[in-house]
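These are the residues of each chain, in order.
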2 protein chains.
Amino acid sequence: MPHLLIIGGSDAGISAALRAREVNPACEITVVAADRYPNYSICGLPFWLGGEIADWRDLAHRKARDIEAQGIQLLLEHTAQAIDPADKTVTVVDVDRRSRRISYDTLVIGTGAVPARPPIRGLEQQGLFFLRTMTDGFALHDYLEMQSPASAVVVGGGYIGLEMAEAFVHRGMQVTLVEYFPSVLTTLDPPLGALVADELSRHGVTVVTGVTVEAIEPQRGKLVVTGSGGFHAGADLVLAATGVRPDAGLAAAAGVETGRWGAIRVNQAMETNVPYIYAAGDCAETYHRLLEQYVYLPLGSTAHKQGRVAGENAAGGQATFAGTLGTQVVKVFDLVAARTGLRDTEAHQAGFDPLTVQVETWDHKTYYPGAQRLHIRITGDRRTGRLLGAQMVGHRAAEVSKRLDVFAAALFNGMTVAALSDIDLSYTPPLSTPWDAVQVAAQVWVEHRKPDRGSG
Amino acid sequence: MPHLLIIGGSDAGISAALRAREVNPACEITVVAADRYPNYSICGLPFWLGGEIADWRDLAHRKARDIEAQGIQLLLEHTAQAIDPADKTVTVVDVDRRSRRISYDTLVIGTGAVPARPPIRGLEQQGLFFLRTMTDGFALHDYLEMQSPASAVVVGGGYIGLEMAEAFVHRGMQVTLVEYFPSVLTTLDPPLGALVADELSRHGVTVVTGVTVEAIEPQRGKLVVTGSGGFHAGADLVLAATGVRPDAGLAAAAGVETGRWGAIRVNQAMETNVPYIYAAGDCAETYHRLLEQYVYLPLGSTAHKQGRVAGENAAGGQATFAGTLGTQVVKVFDLVAARTGLRDTEAHQAGFDPLTVQVETWDHKTYYPGAQRLHIRITGDRRTGRLLGAQMVGHRAAEVSKRLDVFAAALFNGMTVAALSDIDLSYTPPLSTPWDAVQVAAQVWVEHRKPDRGSG
């Protein structure tokens, strides 16, 4: 009976295991997980830490016993220490430091990512936290519960930083968010990032952008964060949310090739350069469907898709990862900010001839109560008319996330911007406009593309 | 200067006028409208009648003066009486019965639809209303305001019937809704229609299905509605919401061909059989993208799209109507019910080999507060795996409408059900699941399609 071994018990690893079981009821499947929390939704940690979720156990996508009920063996609190591709074995140690070798026929590496440690002095201070694993979450939760900190500085204005700023506000804390770039949420263009910063400010968060944080030092019971331009903020707690890097050391030591970002090189079958070894999730590169090349873009939704492909192929199947579109969404208080595809600068770098327009419109007919403004940026190729990307910011009641997904579906299919207006989208006055906001934006883009635009 | 004449001031007509102006700044454009309310959103009437919208003037998509500012002449309260294709003129009369002939170079017919009058005795009773035009709306509104009726019977459980049942409840009225078919909202399959009926009941509406209404008679100050199976209900007001039929008599009298449903025959350029005459909106047939044939499916969103194509072509352009997918959505109290594409029976009739599965899943991670159940029915072709249609019912906070539009975009592009899982859709725990509900449903369908399913 062939043995599929999976290193990593998070999204990619468990997706691989479940899919392998679906396509091949006969194979033996073992998942080696470093902690005791397989298949937990680490994306949900900010909501537990903010008090919106009462019990951390609810963060489990599914219970360990449900996974085991599928005939998947879980080796929890086992750390993989070495892969021997020649021998097709993996050496693992348990919590008692007992070592053993496990043979595999196929191996899926899903070791994930670890927090990037920016060049800031004092990252080891007590009261400074990273947030990546359940264990990180427990440490921060204990500190919040036991120390009842009144204030926090969040370093980094990406998804985790934004969600944790909101979480701290939910706990009644005073929050300062400091960001290196001129705007927060730099995965969106600055005009949209500014709307997110406004939303934070409206809820009492002090937002400071364009600051290089240099040091974190304890002073009179506080942590003081200092940075460029005289930035200086003291708080009871500091969260460093400065991104992640792939955890690919184990793979690299075994001769598995890594790329520019240190992530494991894979093809669309999620195969590495080493026979019988697959990789998926935040430790691996991601095929980008529009760029037609590999990037590093660690996201939970992608980890699920890649894991599914890796698991299917490692179990003898023939699956292909169709590629990421870079789709991302975050809720910040009452605002939702989302993007898919390429932004103007990214498209330009990739050799497209991009045109980007920003449109302000409404989620539904304004005569019906509760209409919300939508801010949409749409990027298309001037030469071919092809849709390249879209960004959207609006109220959480405005169906921003799934409206953005209409753009994602259009991108997936290589549609032109003009063709968006041809799709028969759903309309009723409380939920949409006869031309949906997506189409309103597309029509503005098409008008701007006209060669005589601006000539008079 | 070529003259584009448009008969009809609602969605199709005004869309045609606006698009003609965009593509051809030089042409003369005249819109003949029978009433004084050009470009009003008649889809919004139930919300005004229910009191959710205070001022009927807000129902205007745009003001008459804004249309005229585009260089479009509006002849309001002018009724077209005859079209002479040989002479290329249209005879119109104004409110004072003054007649005149207007020449055209191209003509767009957008005369819309009128209420179907089912074979029910007593449709002329005072206190019985149809709802189709602004004028109908005013009549009903006057009655509601002046008579303060305490109860209503709504005949017909389609979109208008459902929305008006809700509107009457908003006014504090006792409502009985009676439907000919065994379930309400028969554009969806019965298990989903039943959820809509439940929602009505939860809000105090008495729902009676499977009844052929036979007569409406005044009795002691009430209207009594009687029907098959001993149905008998008295109320102060009756709304007949029993569908519409195309208003194509003017066109037919001029030799414009109509089809099976009495609607004007058109091609994808929105041309009729008569040279220089186009038609669009509820008076015309609609090309169905999946059936690859023409159907009668009068919807506001379609009228906008058809009108735009007709206007562009009538002004010298080269546009093509890409076809309807039959996408429809309605909000009923806190529930949203939507569909796109073909249902099982429709697909079967069209020669497909359909398989339909119903899936119950969640709009977002259940650990995050406010997760809502989504009921999704997905229909695909067993032979080819192609997606044929989807239906969805869920809470109004669950992004049902735009989530359904992901299916619509997939249908537009001829995707397989399996490929839905390849789309990089947006994910964040408060708004979605790592595999979006759309993909969860798709994966269940793919499992059910397996040939060995059920063999053991």
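For the structure itself, consult the block above.
Residues numbered from 1 in each chain as written. Chains lettered and ligands numbered in written order. Predicted model: local features only at pLDDT ≥ 70, side-chain atom pairs only at ≥ 80, totals over all residues. Heavy atoms only, no water.

A. Structural context of the interface of chain B and chain A. Taken residue by residue, the interface counts 63 residues in chain B and 63 residues in chain A. Carbon and sulfur atoms make up 60% of the surface buried where chain B meets chain A, a total of about 5,600 Å² over both sides. Counting the contacts that link chain B with chain A gives 2 salt bridges. Here A:Asp436 makes a salt bridge to B:Lys402, at a shortest N to O gap of 2.7 Å. Across the chain B-chain A interface, the total number found is 26 residue pairs in polar contact (both at pLDDT 80 or more). Contributions of two or more residues to the side of chain B that touches chain A are made by helix 1 (11-23), helix 8 (300-314), strand 21 (328-332), helix 10 (400-412) and helix 11 (437-449) of chain B. For the side of chain B that touches chain A, the element with the most residues is helix 10 of chain B, which contributes 9 residues. Among the residues making up the side of chain B that touches chain A, the classes are represented as 27 nonpolar, 17 polar and 19 charged. (Contact = heavy atoms within 4.5 Å. Buried area = accessible area lost by both parts, 1.4 Å probe. Salt bridge = Lys/Arg side-chain N within 4 Å of Asp/Glu carboxyl O. Polar contact = N/O pair within 3.5 Å; in protein donor to acceptor, adjacent residues only side chain to side chain. Helix = DSSP H or I, 4+ residues; strand = E, 2+ residues; numbered from the N terminus. Nonpolar A, V, L, I, M, F, W, Y, C, P; charged D, E, K, R; others polar.)

B. The relation of the copies chain B and chain A, seen in detail. When chain B is brought onto chain A, the operation consists of a screw motion whose angular component is 180° and whose axial shift is 0.0 Å, with 0.0 Å RMSD remaining. With respect to symmetry, the two chain copies, as superposed, fit the operation of a two-fold axis. Interface overlap between copies is the fraction of interface residues in one copy that are interface residues in the other; for chain B against chain A it reaches 100%, indicating a shared surface. (Least-squares fit on C-alpha atoms with pLDDT ≥ 70 in both.)

C. The arrangement of the sheet that holds strand 6 (residues 99-103) of chain B in detail. All names here are of chain B. Pairing is antiparallel in the open sheet, where 3 strands are placed in the order 4-5-6. Single-partner strands in this sheet number two, and they are strand 4 (79-84) and strand 6. Along the sheet, successive strands turn relative to each other by an average axial angle of 25°, direction set aside. Across 5 bridges, strand 5 (residues 89-93) lies against strand 6 in antiparallel orientation. (Pairing = 2+ DSSP bridges. Axes fitted to C-alpha atoms, helices over the stretch in contact; angles between N-to-C directions.)

D. Fine view of the nonpolar core. Of all hydrophobic cores here, the largest spans 82 residues; its most connected members are A:Ile378, A:Phe407, A:Leu420, B:Ile378, B:Phe407 and B:Leu420. In contact with B:Phe407, not counting residues within four places along its chain, are B:Thr340, B:Ile376, B:Ile378, B:Leu387, B:Ala390, B:Met392, B:Leu420 and B:Val438. (Core = buried A, V, L, I, M, F, W, Y, C linked by side-chain atoms within 4.5 Å. Buried < 20%, exposed > 50% of the residue type's maximum accessible area, 1.4 Å probe, protein only.)

E. Looking closely at the sheet that holds strand 18 (residues 277-279) of chain A. Residues and elements named next belong to chain A. Pairing is parallel across the open sheet formed by 5 strands, whose spatial order is 3-2-1-7-18. The open sheet has two edge strands with one neighbour each: strand 3 (72-75) and strand 18. The mean inter-strand angle of the sheet, taken between neighbouring strand axes irrespective of direction, is 20°. With 3 bridges joining them, strand 7 (residues 106-109) and strand 18 adopt parallel strand pairing. Looking across to strand 18, one finds that Leu 107 is bridged to Ile 277. Its contacts with the sheet place helix 1 (residues 11-23) against strand 1 (3-7), strand 2 (28-32), strand 3 and strand 7, and it is angled at close to 170° to strand 2.

F. Main features of empty space enclosed by the protein. Residues and elements named next belong to chain A. Applying the stated criterion across every chain yields a total of 1 cavity of 30 Å³ or more. Its volume calculated, the largest cavity comes out at about 40 Å³. Broken down by element, the residue count for the lining of the largest cavity peaks at 4 residues, all from helix 5 (residues 159-170). Taken together, the residues that form the lining of the largest cavity break down as 3 nonpolar, 2 polar and 4 charged. (1 Å grid on protein atoms, 1.4 Å probe; cavity = no way out; pocket = protein on both sides within 12 Å on 5 of 7 lines; lining within 4 Å. Points joined across faces, edges and corners; volume = space filled by probe spheres on them.)

G. Structural detail: helix 11 of chain B. Between its terminal C-alpha atoms helix 11 of chain B stretches 18 Å, which fits the 18 Å expected from 13 residues at 1.5 Å a residue. Structurally, helix 11 of chain B contributes buried residues whose contacts are with helix 8 (300-314) of chain A together with strand 23 (354-362), strand 24 (373-381) and helix 10 of chain B. (Expected span 1.5 Å × (residues − 1).)

H. Up close: unusual backbone geometry. Residues and elements named next belong to chain A. For Tyr 276, which is not glycine, the phi dihedral falls at a positive 70°. Within the fold, Tyr 276 resides in the loop between helix 7 (249-253) and strand 18. The residue Phe 333 is not glycine, and still its phi comes out positive at about 50°. The topology assignment puts Phe 333 in the loop between strand 21 (328-332) and strand 22 (335-341).

I. Region of interest: the environment of A:Ile6. Residues and elements named next belong to chain A. With respect to the secondary-structure elements, Ile 6 resides in strand 1. Residue class for Ile 6 comes out buried when judged on its relative accessible area of 0%. For the pair Ile 6 and Tyr 104, spaced 98 residues apart in sequence, the C-alpha to C-alpha distance is 9.1 Å. Sequence-distant contacts of Ile 6, defined by excluding residues within four places in its chain, comprise Gly 13, Ala 16, Ala 17, Ile 29, Thr 30, Val 31, Val 32 and Val 108.

J. Seen up close, the packing of helix 1 of chain B against helix 8 of chain B. Residue and element names in this part refer to chain B. Relative to each other, helix 1 and helix 8 sit at 35°, their axes nearing to 7 Å. Taken as a pair, helix 1 and helix 8 cross one another with a handedness that is right-handed. Only Gly 300, Ala 303, His 304, Gly 307, Arg 308, Gly 311 and Glu 312 of helix 8 make contact with helix 1, whose side of the interface consists of Asp 11, Ala 12, Ser 15, Ala 16, Arg 19, Ala 20, Glu 22 and Val 23. Tallied by class, residues from the contact of helix 1 with helix 8 come to 5 nonpolar, 5 polar and 5 charged. (Left-handed = near helix turned anticlockwise from the far one by under 90°.)

K. Spotlight on the packing of aromatic side chains. Here the structure, examined in full by the defined rule, presents 20 aromatic pairs over all chains. Both rings, one in B:Trp48 and one in B:Phe138, keep their centres 5.8 Å apart while their planes meet at 85°; by these two values the pair is edge-to-face. Note that B:Trp48 is positioned in helix 2 (residues 45-49) and B:Phe138 in helix 4 (residues 134-147), a separation of 90 residues in sequence. The pair B:Trp48 / B:Phe138 is uniform in exposure class, with both members buried. Judged by centre distance (5.0 Å) and plane angle (85°), the rings of B:Tyr180 and B:Phe181 are edge-to-face. Each member of the aromatic cluster is reached from another via a ring pair, and the members are A:Tyr37, A:Tyr40, A:Trp48, A:Trp56 and A:Phe138. A cation over an aromatic ring shows up here: A:Lys88 above the ring of A:Tyr276, its NZ or CZ 3.5 Å from the ring centre. Positioned over the ring face of B:Trp435 is A:Arg308, at 5.4 Å from the centre of the ring. (Phe/Tyr/Trp six-rings, centres within 6.5 Å; stacked < 30°, edge-to-face > 60°. Lys NZ or Arg CZ within 6 Å of the ring centre and 35° of its normal.)

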